[in-house]
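Spelled out from the first residue to the last, the chains are:
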Amino acid sequence: MTASLPDIPLRSAGPGFFVTFEGGEGVGKSTQIELLKAELIKIGKTVVTTREPGGTTAAEAIRLVLLGNQYQDLSDRSEALLFAAARADVVKNVIDPALAAGSVVLADRYLDSSVAYQGIARNLGELEVKALSLWATRGLLPDLTVVLDLDPTIGMSRVKQPDRLESLAIEFHIKVRAAFLHLAHLEPTRFLVVDASQSTQEISELIFAKVKSRLTP
Ligand code: TYD
């Protein structure tokens with residue numbers, strides 16, 4: 001006997017605007033989030049930033065388990081559940097209220113990280129992990145997802161003190177990169193893939209132009 005996954009109704013961000021940043025290790029997400037935030041503030045937007053896993057007291061506690069090098073025996077399924085648990089908390093307590101107030105939310109990683117890292121690279125199932133995350137977030141999908149795409153050997157060379165996931169072999173990070181490109185291919189309207197080997201300024205101009213074109217005035 002098999003059981004299929006229930007379909008979870010999707011919802012979008014309105015009245016705010018929800019942008020997520022994705023990619024492998026060391027691709028420069030946090031720099032780009034700060035640059036975009038500054039540009040958005042200049043045009044009068046209220047901006048809220050989050051990073052995953054984290055952003056609430058409980059999610060920061062979960063982060064310590066997920067990234068701590070002492071938890072080498074954490075099972076893959078437990079890892080997937082903990083990322084979803086942390087996400088449920090930050091959505092309910094930070095992201096949903098900010099979007100309801102009309103803010104632009106810039107998230108450093110969101111559900112596509114779980115699909116890429118746990119669903120595809122860990123081989124737990126793309127659809128299963130996506131459904132888990134959609135259940136955790138009551139179906140909240142980003143308006144726009146920016147993937148910063150970079151050769152993982154370059155990205156990993158920027159990582160100074162590797163955490164539990166960054167310590168995985170380069171083959172894992174190569175799978176993660178391919179997974180993000182696959183997800184972007186499936187949903188070309190939601191995703192913007194940016195070649196992250198360009199200069200910081202070139203990348204930020206591309207991202208700001210896209211966000212501006214999608215924001216209602
Ligand atoms: P962190 O050091 O916070 O961020 P980054 O690598 O983005 O600078 O590490 C977060 C790690 O957790 C990173 O290796 C990606 C991984 N991750 C998942 O495997 N699944 C997820 O759902 C999320 C949000 C992150």
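What counts as what
Residues numbered from 1 in each chain as written. Predicted model: local features only at pLDDT ≥ 70, side-chain atom pairs only at ≥ 80, totals over all residues. Heavy atoms only, no water. Helix = DSSP H or I, 4+ residues; strand = E, 2+ residues; numbered from the N terminus. Rg over C-alpha atoms; globule rule 2.2 N^0.38 Å. Buried < 20%, exposed > 50% of the residue type's maximum accessible area, 1.4 Å probe, protein only. Contact = heavy atoms within 4.5 Å. Areas by Shrake-Rupley, 256 points an atom, 1.4 Å probe, with all protein chains shown as cover. Lys, Arg positive; Asp, Glu negative; His and termini not counted. Charge placed at Lys NZ, Arg CZ, Asp CG, Glu CD. Near = heavy atom within 4 Å. Polar contact = N/O pair within 3.5 Å; in protein donor to acceptor, adjacent residues only side chain to side chain. Nonpolar A, V, L, I, M, F, W, Y, C, P; charged D, E, K, R; others polar. Axes fitted to C-alpha atoms, helices over the stretch in contact; angles between N-to-C directions. Parallel < 35°, antiparallel > 145°, perpendicular 65-115°, else oblique. Left-handed = near helix turned anticlockwise from the far one by under 90°. Phe/Tyr/Trp six-rings, centres within 6.5 Å; stacked < 30°, edge-to-face > 60°. Lys NZ or Arg CZ within 6 Å of the ring centre and 35° of its normal.

**Focus on the overall build of the protein**
Reasoning step 1: Of regular secondary structure, the protein possesses eight helices and five strands.
Reasoning step 2: Tracing the protein from N to C terminus, the helices and strands come up as β-α-β-α-α-β-α-α-β-α-α-β-α.
Reasoning step 3: Here the protein has a C-alpha radius of gyration of 17 Å; the compact-globule value for 217 residues is 17 Å, and the two agree.
Reasoning step 4: Over its C-alpha atoms, taken along the principal directions, the protein stretches across nearly 50 × 40 × 35 Å.
Reasoning step 5: Expressed as a percentage of the 217 residues in the protein, the buried residues total 49%.
Reasoning step 6: Residue pairs at least 24 apart in sequence account for 80% of intrachain contacts in the protein once pairs closer than 6 positions are excluded.
Reasoning step 7: For the protein, the accessible area works out to roughly 10700 Å², and carbon and sulfur atoms hold 56% of it.
Reasoning step 8: Within the protein, one finds 23 positive and 26 negative side-chain charges whose respective centroids are separated by 4 Å.

**A look at the site of the ligand**
Reasoning step 1: Around the ligand, the structure places 16 residues, and the nearest of them are E25, K29, R63, R109 and S114.
Reasoning step 2: Take K29: an N or O atom from its side chain is 2.5 Å from an oxygen atom of the ligand.
Reasoning step 3: Protein chains bury 88% of the 540 Å² of accessible surface belonging to the ligand in isolation.
Reasoning step 4: Class assignment for the residues of the shell around the ligand results in four nonpolar, three polar and nine charged.

**Here's the deal with the packing of helix α1 (residues 29-42) against helix α8 (residues 200-214)**
Reasoning step 1: Orientation of α1 relative to α8, taken along the N-to-C sense of each, is 50°, at an axis distance of 10 Å. When the interaxial angle is binned, α1 and α8 end up oblique. α1 and α8 meet at a crossing whose hand is right-handed. On α8, the residues that touch T31, Q32, L35, L36, E39 and L40 of α1 are T200, I203, S204, I207, F208 and V211.
Reasoning step 2: The class makeup of the residues in the contact of α1 with α8 is seven nonpolar, four polar and one charged.

**Regarding the packing of aromatic side chains**
Reasoning step 1: Taken as a whole, this structure holds three aromatic pairs when the rule is applied.
Reasoning step 2: Consider the rings of Y117 and F172, whose centres lie 6.0 Å apart with planes at 55°: the pair is tilted. With a gap of 55 residues between them, Y117 in helix α4 (residues 111-121) and F172 in helix α7 (residues 170-186) connect regions that are remote in the sequence.
Reasoning step 3: Given the relative accessible area of 10%, F172 is considered buried.
Reasoning step 4: An angle of 70° between the planes, with centres 6.3 Å apart, marks the rings of Y117 and F180 as edge-to-face. Taken together, the positions of Y117 in helix α4 and F180 in helix α7 put the pair 63 residues apart, joining distant regions of the chain. Like F180, Y117 is buried.
Reasoning step 5: An aromatic cluster of three or more residues is present, and its members are Y117, F172 and F180.
Reasoning step 6: For R87, the ring lying beneath its charged end belongs to Y110, and the centroid distance is 5.6 Å.

Shape descriptors only; they carry no functional weight alone.
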